Amino acid sequence: MRGSNPLEAGVGGLYREARPGWQIFLEAALVAAFAFLMAFVAWSRAGGPITGGDTGRYLELSKLLAAGSLSGFEQWPMVQFYPFLLTPIYIFDIAQAVYLKWLHIGLHAVTVWLVYFSTRGLLPSGRGIYSALAVAVFPTFLFWLPYTLTETAFLFTLSLYLFQLSRFLARPGKIGAVLLALSGAIMLFTRPTSIAVLAATPLVYLLYMASRSFGLGRALALSAGLGLVCGLLGVWIVFFADNSFSRRAQVNPTIAHSLWVGTKVKSTSMAELNRMTDEYWGLYKKFGEDKAGLRHHQISEAKSFIRARPLRYASMAGTRFISYWFPWAFNETWSWRHSLVDAAVSLALVS
(Lines give C-alpha, C1' and ligand atoms only; values in the text may rest on other atoms or scores of the structure.)
Protein backbone atom coordinates (compact mmCIF):
# COMPACT_ATOMS: atom_id res chain seq x y z
CA MET A 1 0.00 0.00 0.00
CA ARG A 2 2.74 2.47 0.86
CA GLY A 3 4.40 2.18 -2.49
CA SER A 4 1.17 2.95 -4.36
CA ASN A 5 0.14 5.97 -2.31
CA PRO A 6 0.35 9.09 -4.55
CA LEU A 7 0.28 11.49 -1.60
CA GLU A 8 3.16 9.82 0.19
CA ALA A 9 5.14 9.62 -3.04
CA GLY A 10 4.53 13.30 -3.70
CA VAL A 11 5.52 14.56 -0.25
CA GLY A 12 8.75 12.65 -0.35
CA GLY A 13 9.55 13.72 -3.89
CA LEU A 14 11.42 16.84 -2.80
CA TYR A 15 14.09 14.73 -1.16
CA ARG A 16 14.41 12.10 -3.88
CA GLU A 17 14.80 14.24 -7.00
CA ALA A 18 17.84 13.27 -9.01
CA ARG A 19 18.64 16.70 -10.48
CA PRO A 20 21.81 18.40 -9.25
CA GLY A 21 21.29 20.82 -6.39
CA TRP A 22 22.69 23.77 -8.32
CA GLN A 23 20.00 23.36 -10.99
CA ILE A 24 17.25 23.36 -8.39
CA PHE A 25 18.54 26.46 -6.63
CA LEU A 26 19.13 28.25 -9.95
CA GLU A 27 15.52 27.58 -10.89
CA ALA A 28 14.40 28.81 -7.46
CA ALA A 29 16.48 31.98 -7.87
CA LEU A 30 14.93 32.68 -11.27
CA VAL A 31 11.44 32.18 -9.83
CA ALA A 32 12.19 34.57 -6.96
CA ALA A 33 13.64 37.13 -9.38
CA PHE A 34 10.51 36.95 -11.52
CA ALA A 35 8.34 37.41 -8.42
CA PHE A 36 10.48 40.39 -7.37
CA LEU A 37 9.99 41.96 -10.81
CA MET A 38 6.21 41.43 -10.77
CA ALA A 39 5.97 42.92 -7.28
CA PHE A 40 8.08 45.91 -8.34
CA VAL A 41 5.79 46.54 -11.31
CA ALA A 42 2.65 46.24 -9.16
CA TRP A 43 4.06 48.62 -6.56
CA SER A 44 5.13 51.14 -9.20
CA ARG A 45 1.71 51.13 -10.81
CA ALA A 46 0.13 51.80 -7.40
CA GLY A 47 2.33 54.87 -7.00
CA GLY A 48 3.59 54.07 -3.52
CA PRO A 49 2.28 52.63 -0.27
CA ILE A 50 -1.49 52.76 0.15
CA THR A 51 -3.00 53.43 3.57
CA GLY A 52 -6.48 52.48 4.70
CA GLY A 53 -8.42 50.45 7.21
CA ASP A 54 -6.10 49.42 10.05
CA THR A 55 -2.95 51.08 8.69
CA GLY A 56 -2.87 53.69 11.45
CA ARG A 57 -3.19 51.02 14.12
CA TYR A 58 -0.29 48.98 12.73
CA LEU A 59 1.95 52.04 12.57
CA GLU A 60 1.05 52.95 16.15
CA LEU A 61 1.77 49.38 17.32
CA SER A 62 5.09 49.56 15.49
CA LYS A 63 6.03 52.75 17.32
CA LEU A 64 5.28 51.06 20.64
CA LEU A 65 7.46 48.06 19.76
CA ALA A 66 10.26 50.33 18.54
CA ALA A 67 10.15 52.09 21.91
CA GLY A 68 10.40 48.75 23.72
CA SER A 69 6.77 48.72 24.84
CA LEU A 70 4.68 45.55 24.64
CA SER A 71 1.47 47.29 25.66
CA GLY A 72 0.04 46.73 22.18
CA PHE A 73 -0.21 43.03 22.93
CA GLU A 74 -2.95 43.79 25.45
CA GLN A 75 -5.29 45.05 22.74
CA TRP A 76 -4.13 43.38 19.51
CA PRO A 77 -1.96 40.33 20.27
CA MET A 78 -2.55 38.46 16.98
CA VAL A 79 -1.32 41.14 14.58
CA GLN A 80 2.02 42.02 16.16
CA PHE A 81 4.36 40.42 13.62
CA TYR A 82 3.62 42.99 10.90
CA PRO A 83 4.16 45.98 13.23
CA PHE A 84 7.39 44.26 14.34
CA LEU A 85 8.55 44.24 10.72
CA LEU A 86 7.85 47.99 10.56
CA THR A 87 9.93 48.89 13.62
CA PRO A 88 13.11 49.74 11.61
CA ILE A 89 11.22 52.78 10.29
CA TYR A 90 11.28 54.27 13.79
CA ILE A 91 14.45 52.70 15.15
CA PHE A 92 16.70 53.79 12.28
CA ASP A 93 14.62 56.76 11.06
CA ILE A 94 14.06 55.29 7.58
CA ALA A 95 11.69 56.95 5.11
CA GLN A 96 8.40 55.13 5.57
CA ALA A 97 7.47 54.92 1.87
CA VAL A 98 10.91 53.58 0.88
CA TYR A 99 11.02 50.97 3.62
CA LEU A 100 7.48 49.73 2.97
CA LYS A 101 8.20 49.39 -0.73
CA TRP A 102 11.22 47.13 -0.37
CA LEU A 103 9.77 45.24 2.59
CA HIS A 104 6.62 44.24 0.71
CA ILE A 105 8.42 43.48 -2.55
CA GLY A 106 10.97 41.36 -0.67
CA LEU A 107 8.28 39.49 1.27
CA HIS A 108 6.45 38.70 -1.97
CA ALA A 109 9.62 37.33 -3.59
CA VAL A 110 10.48 35.17 -0.56
CA THR A 111 6.88 33.92 -0.40
CA VAL A 112 7.07 32.69 -3.99
CA TRP A 113 10.48 31.13 -3.29
CA LEU A 114 9.03 29.20 -0.34
CA VAL A 115 6.01 28.09 -2.39
CA TYR A 116 8.38 26.79 -5.04
CA PHE A 117 10.23 24.54 -2.58
CA SER A 118 7.00 23.43 -0.89
CA THR A 119 5.19 22.41 -4.06
CA ARG A 120 8.19 20.66 -5.57
CA GLY A 121 7.64 17.97 -2.95
CA LEU A 122 3.87 17.77 -3.47
CA LEU A 123 3.51 17.76 -7.25
CA PRO A 124 4.99 15.56 -9.98
CA SER A 125 8.58 16.36 -10.87
CA GLY A 126 9.04 19.66 -12.66
CA ARG A 127 5.55 21.01 -11.99
CA GLY A 128 6.19 22.82 -8.71
CA ILE A 129 7.44 25.82 -10.65
CA TYR A 130 3.96 26.41 -12.08
CA SER A 131 2.42 26.94 -8.63
CA ALA A 132 5.20 29.35 -7.70
CA LEU A 133 4.72 31.35 -10.89
CA ALA A 134 0.96 31.42 -10.28
CA VAL A 135 1.53 32.94 -6.84
CA ALA A 136 3.95 35.48 -8.34
CA VAL A 137 1.31 36.85 -10.72
CA PHE A 138 -1.89 36.13 -8.76
CA PRO A 139 -4.05 39.29 -9.10
CA THR A 140 -5.39 39.27 -5.52
CA PHE A 141 -1.92 39.01 -4.01
CA LEU A 142 -0.54 41.79 -6.22
CA PHE A 143 -3.60 43.95 -5.52
CA TRP A 144 -2.99 43.94 -1.75
CA LEU A 145 0.79 44.24 -2.09
CA PRO A 146 0.96 48.09 -1.91
CA TYR A 147 -1.43 48.30 1.08
CA THR A 148 0.09 48.97 4.50
CA LEU A 149 -1.84 46.04 5.93
CA THR A 150 -1.08 42.49 7.08
CA GLU A 151 -2.02 40.67 3.84
CA THR A 152 1.49 40.45 2.37
CA ALA A 153 3.09 39.58 5.72
CA PHE A 154 0.49 36.88 6.34
CA LEU A 155 1.12 35.26 2.94
CA PHE A 156 4.81 35.18 3.84
CA THR A 157 4.27 33.54 7.24
CA LEU A 158 1.69 31.15 5.74
CA SER A 159 4.13 30.06 3.02
CA LEU A 160 6.85 29.62 5.64
CA TYR A 161 4.56 27.44 7.75
CA LEU A 162 3.48 25.32 4.77
CA PHE A 163 7.11 24.92 3.75
CA GLN A 164 7.99 23.60 7.20
CA LEU A 165 4.89 21.40 7.21
CA SER A 166 5.85 19.80 3.88
CA ARG A 167 9.34 19.12 5.19
CA PHE A 168 7.97 17.65 8.41
CA LEU A 169 5.65 15.31 6.49
CA ALA A 170 8.57 14.15 4.38
CA ARG A 171 11.01 13.81 7.28
CA PRO A 172 9.34 13.70 10.71
CA GLY A 173 11.69 14.45 13.59
CA LYS A 174 12.30 16.63 16.63
CA ILE A 175 14.07 19.40 14.72
CA GLY A 176 11.33 19.49 12.11
CA ALA A 177 8.67 19.64 14.84
CA VAL A 178 10.45 22.55 16.55
CA LEU A 179 10.81 24.49 13.27
CA LEU A 180 7.16 23.83 12.45
CA ALA A 181 6.11 25.09 15.89
CA LEU A 182 8.24 28.24 15.54
CA SER A 183 6.86 29.06 12.11
CA GLY A 184 3.35 28.43 13.45
CA ALA A 185 3.97 30.83 16.34
CA ILE A 186 5.11 33.54 13.92
CA MET A 187 2.01 32.99 11.79
CA LEU A 188 -0.21 33.08 14.88
CA PHE A 189 0.94 36.64 15.63
CA THR A 190 0.36 37.84 12.07
CA ARG A 191 -3.41 37.44 11.56
CA PRO A 192 -6.30 35.79 13.43
CA THR A 193 -6.86 33.64 10.31
CA SER A 194 -3.83 31.64 11.39
CA ILE A 195 -5.92 29.98 14.11
CA ALA A 196 -7.90 28.16 11.42
CA VAL A 197 -4.69 27.12 9.62
CA LEU A 198 -3.14 25.77 12.80
CA ALA A 199 -6.37 23.98 13.73
CA ALA A 200 -6.40 22.31 10.32
CA THR A 201 -2.82 21.04 10.60
CA PRO A 202 -3.69 17.86 12.55
CA LEU A 203 -6.27 17.10 9.86
CA VAL A 204 -3.58 17.41 7.19
CA TYR A 205 -1.38 15.01 9.14
CA LEU A 206 -4.35 12.67 9.55
CA LEU A 207 -4.96 12.85 5.80
CA TYR A 208 -1.36 11.89 5.12
CA MET A 209 -1.32 9.01 7.60
CA ALA A 210 -4.79 7.69 6.68
CA SER A 211 -3.96 7.74 2.97
CA ARG A 212 -1.21 5.21 3.64
CA SER A 213 -3.78 2.66 4.83
CA PHE A 214 -7.12 3.56 3.24
CA GLY A 215 -6.23 5.36 0.02
CA LEU A 216 -6.45 9.04 -0.81
CA GLY A 217 -10.22 9.19 -1.49
CA ARG A 218 -11.29 7.69 1.83
CA ALA A 219 -8.66 9.68 3.69
CA LEU A 220 -9.99 12.92 2.21
CA ALA A 221 -13.55 12.06 3.24
CA LEU A 222 -12.42 11.14 6.76
CA SER A 223 -10.37 14.32 7.22
CA ALA A 224 -13.05 16.60 5.77
CA GLY A 225 -15.79 15.06 7.93
CA LEU A 226 -13.74 15.25 11.09
CA GLY A 227 -12.75 18.81 10.25
CA LEU A 228 -16.37 19.87 9.89
CA VAL A 229 -17.33 18.29 13.21
CA CYS A 230 -14.36 19.86 15.02
CA GLY A 231 -15.06 23.24 13.47
CA LEU A 232 -18.71 23.29 14.56
CA LEU A 233 -17.74 22.06 18.02
CA GLY A 234 -15.06 24.72 18.34
CA VAL A 235 -17.45 27.51 17.35
CA TRP A 236 -19.98 26.29 19.93
CA ILE A 237 -17.38 26.05 22.70
CA VAL A 238 -15.86 29.48 22.05
CA PHE A 239 -18.92 31.57 21.29
CA PHE A 240 -22.00 29.90 22.71
CA ALA A 241 -21.03 27.69 25.68
CA ASP A 242 -20.87 29.31 29.09
CA ASN A 243 -17.44 28.31 30.42
CA SER A 244 -14.22 30.01 31.49
CA PHE A 245 -12.48 29.32 28.18
CA SER A 246 -15.36 30.87 26.25
CA ARG A 247 -15.39 33.94 28.47
CA ARG A 248 -11.63 34.44 28.09
CA ALA A 249 -11.82 34.02 24.33
CA GLN A 250 -14.63 36.50 23.96
CA VAL A 251 -12.80 39.29 25.78
CA ASN A 252 -9.84 38.90 23.40
CA PRO A 253 -10.02 42.06 21.26
CA THR A 254 -8.86 40.31 18.08
CA ILE A 255 -11.47 37.55 18.38
CA ALA A 256 -14.26 39.98 19.27
CA HIS A 257 -13.40 42.32 16.40
CA SER A 258 -12.95 39.51 13.87
CA LEU A 259 -16.28 37.91 14.77
CA TRP A 260 -18.02 41.29 14.55
CA VAL A 261 -16.46 42.03 11.15
CA GLY A 262 -17.66 38.62 9.96
CA THR A 263 -21.25 39.80 10.42
CA LYS A 264 -20.66 43.02 8.46
CA VAL A 265 -18.55 42.04 5.45
CA LYS A 266 -19.25 39.34 2.89
CA SER A 267 -16.96 40.24 -0.03
CA THR A 268 -13.85 42.20 -1.01
CA SER A 269 -15.89 45.18 -2.23
CA MET A 270 -14.17 48.37 -1.05
CA ALA A 271 -17.56 50.05 -0.63
CA GLU A 272 -18.61 47.31 1.79
CA LEU A 273 -15.29 47.46 3.64
CA ASN A 274 -15.55 51.24 3.96
CA ARG A 275 -19.07 50.98 5.41
CA MET A 276 -17.84 48.51 8.01
CA THR A 277 -14.84 50.72 8.84
CA ASP A 278 -17.04 53.80 9.28
CA GLU A 279 -19.37 51.88 11.61
CA TYR A 280 -16.42 50.59 13.64
CA TRP A 281 -14.87 54.02 14.12
CA GLY A 282 -18.28 55.29 15.21
CA LEU A 283 -18.31 52.64 17.94
CA TYR A 284 -14.68 53.37 18.78
CA LYS A 285 -15.47 57.02 19.40
CA LYS A 286 -18.63 56.16 21.32
CA PHE A 287 -16.87 53.90 23.82
CA GLY A 288 -13.65 55.93 24.00
CA GLU A 289 -11.35 54.48 26.65
CA ASP A 290 -13.86 51.79 27.60
CA LYS A 291 -12.21 49.07 25.52
CA ALA A 292 -13.91 46.30 27.52
CA GLY A 293 -17.27 47.89 26.74
CA LEU A 294 -16.42 48.01 23.04
CA ARG A 295 -15.46 44.33 22.99
CA HIS A 296 -18.60 43.38 24.91
CA HIS A 297 -20.76 45.33 22.44
CA GLN A 298 -19.05 43.70 19.43
CA ILE A 299 -19.30 40.15 20.74
CA SER A 300 -22.92 40.62 21.85
CA GLU A 301 -23.95 42.08 18.51
CA ALA A 302 -22.17 39.33 16.59
CA LYS A 303 -23.63 36.52 18.71
CA SER A 304 -27.14 37.96 18.34
CA PHE A 305 -26.70 38.09 14.57
CA ILE A 306 -25.39 34.51 14.34
CA ARG A 307 -28.10 33.09 16.59
CA ALA A 308 -30.88 34.89 14.73
CA ARG A 309 -29.53 34.17 11.22
CA PRO A 310 -27.11 31.22 11.28
CA LEU A 311 -27.63 30.35 7.61
CA ARG A 312 -27.06 33.98 6.63
CA TYR A 313 -23.81 34.02 8.61
CA ALA A 314 -22.65 30.74 7.01
CA SER A 315 -23.50 32.15 3.60
CA MET A 316 -21.48 35.31 4.31
CA ALA A 317 -18.50 33.22 5.44
CA GLY A 318 -18.66 31.17 2.24
CA THR A 319 -18.95 34.33 0.13
CA ARG A 320 -15.89 35.84 1.83
CA PHE A 321 -13.87 32.70 1.12
CA ILE A 322 -14.84 32.70 -2.54
CA SER A 323 -14.32 36.47 -2.84
CA TYR A 324 -10.75 36.27 -1.60
CA TRP A 325 -9.76 33.96 -4.47
CA PHE A 326 -12.26 35.27 -7.03
CA PRO A 327 -12.93 38.99 -6.32
CA TRP A 328 -14.91 39.29 -9.54
CA ALA A 329 -17.59 36.87 -8.31
CA PHE A 330 -19.36 39.26 -5.90
CA ASN A 331 -17.81 42.65 -6.60
CA GLU A 332 -20.44 45.37 -6.91
CA THR A 333 -18.33 48.08 -8.55
CA TRP A 334 -16.40 46.39 -11.39
CA SER A 335 -17.57 46.60 -14.99
CA TRP A 336 -18.54 43.35 -16.70
CA ARG A 337 -15.38 43.58 -18.86
CA HIS A 338 -13.17 43.93 -15.79
CA SER A 339 -14.94 41.01 -14.10
CA LEU A 340 -14.67 38.84 -17.22
CA VAL A 341 -10.93 39.42 -17.58
CA ASP A 342 -10.29 38.82 -13.88
CA ALA A 343 -12.42 35.65 -13.97
CA ALA A 344 -10.45 34.22 -16.88
CA VAL A 345 -7.09 35.01 -15.24
CA SER A 346 -7.94 33.85 -11.70
CA LEU A 347 -9.63 30.62 -12.82
CA ALA A 348 -6.64 29.76 -14.99
CA LEU A 349 -4.16 30.46 -12.18
CA VAL A 350 -6.10 28.52 -9.55
CA SER A 351 -6.40 25.51 -11.88
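Residues numbered from 1 in each chain as written. Predicted model: local features only at pLDDT ≥ 70, side-chain atom pairs only at ≥ 80, totals over all residues. Heavy atoms only, no water.

1. Considerations on the environment of F143
Part 1: As for its position among the elements, F143 is in helix α9 (residues 139-144).
Part 2: Judged by its relative accessible area of 41%, F143 is partly exposed.
Part 3: Spatially, the C-alpha atoms of F143 and A42 are 7.6 Å apart, while their sequence positions differ by 101 residues. (Helix = DSSP H or I, 4+ residues; strand = E, 2+ residues; numbered from the N terminus. Buried < 20%, exposed > 50% of the residue type's maximum accessible area, 1.4 Å probe, protein only.)

2. Some remarks on the packing of helix α17 (residues 291-308) against helix α18 (residues 310-325)
Part 1: One way to put it is that α17 packs onto α18 with a least axis distance of 5 Å and a crossing angle of 105°. As judged from the angle between their axes, α17 and α18 are roughly perpendicular. Between α17 and α18, the residues in contact are F305, I306, R307 and A308 and P310, R312, Y313 and M316, respectively. (Axes fitted to C-alpha atoms, helices over the stretch in contact; angles between N-to-C directions. Parallel < 35°, antiparallel > 145°, perpendicular 65-115°, else oblique. Contact = heavy atoms within 4.5 Å.)

3. Examining a nonpolar patch on the surface
Part 1: The grouping of F36, L37, F40, V41, V98 and W102 at the surface amounts to a nonpolar patch, some 510 Å² of accessible area in total.
Part 2: Topologically, L37 is positioned in helix α2 (residues 21-46). (Patch = residues over 30% accessible without salt bridge, like charges linked within 9 Å, V, L, I, M, F, W, Y side chains within 5 Å. Areas by Shrake-Rupley, 256 points an atom, 1.4 Å probe, with all protein chains shown as cover. Salt bridge = Lys/Arg side-chain N within 4 Å of Asp/Glu carboxyl O.)

4. Some words on the confidence of the model for the protein chain
Part 1: When pLDDT is averaged along the protein chain, the result is 84, and 89% of the positions lie at 70 or above.
Part 2: Confidence, expressed as mean pLDDT per element, reaches its minimum in the protein chain at helix α1 (residues 6-11) with 50 and its maximum at helix α5 (residues 81-86) with 97.
Part 3: Ignoring residues within four places in sequence, the model shows residues 10-15, a span with pLDDT below 50, making 17 contacts including any to other chains. (pLDDT = per-residue confidence, 0-100.)

5. Topic: the nonpolar core
Part 1: L86, V112 and Y116 are the most contacted members of the largest nonpolar core, which totals 52 residues.
Part 2: Considering each element in turn, this core owes the most residues, 10 residues, to helix α7 (residues 96-120).
Part 3: Membership of the second largest hydrophobic core comes to 9 residues, among which are F154, L165, L169 and L180. (Core = buried A, V, L, I, M, F, W, Y, C linked by side-chain atoms within 4.5 Å.)

6. Focus: the packing of α2 against α7
Part 1: It is at 8 Å that the axes of α2 and α7 come closest, and there the two elements cross at 145°. Between α2 and α7 lies a crossing of right-handed hand.
Part 2: Here the residues of the contact of α2 with α7 are counted per class, giving 19 nonpolar, 2 polar and 3 charged. (Left-handed = near helix turned anticlockwise from the far one by under 90°. Nonpolar A, V, L, I, M, F, W, Y, C, P; charged D, E, K, R; others polar.)

7. Digging into helix α19 (residues 336-350)
Part 1: The terminal C-alpha atoms of α19 lie 21 Å apart, and with 15 residues this matches the ideal 21 Å at 1.5 Å per residue to within 8%.
Part 2: Every buried residue of α19 is listed here: S339, D342, A343 and S346. Taken around the axis of α19, the buried residues stretch over an arc of 110°, which confines them to a single face. Along α19, the residues that are exposed and aim more than 90 degrees away from the buried face are R337, L340, V341 and A348.
Part 3: Of the surrounding elements, those touching the buried residues of α19 are α9 and α18. (Expected span 1.5 Å × (residues − 1). Arc of directions from axis to C-beta.)

8. Considering helix α11 (residues 174-188)
An α-helical turn contains 3.6 residues, so a residue and the one three or four places further along point in the same direction.
Part 1: Taking 1.5 Å per residue, 15 residues should reach 21 Å; α11 reaches 21 Å between its end C-alpha atoms and fits that length.
Part 2: Regarding α11, the residues found buried are G176, L180, S183, G184 and M187. Relative to the axis of α11, the buried residues are bounded by an arc of 105° and lie together on one face. Among the exposed residues of α11, those pointing more than 90 degrees away from its buried face are K174 and I175.
Part 3: Summarising the contacts, the buried residues of α11 are in contact with α10 (151-170) and α12 (194-214).

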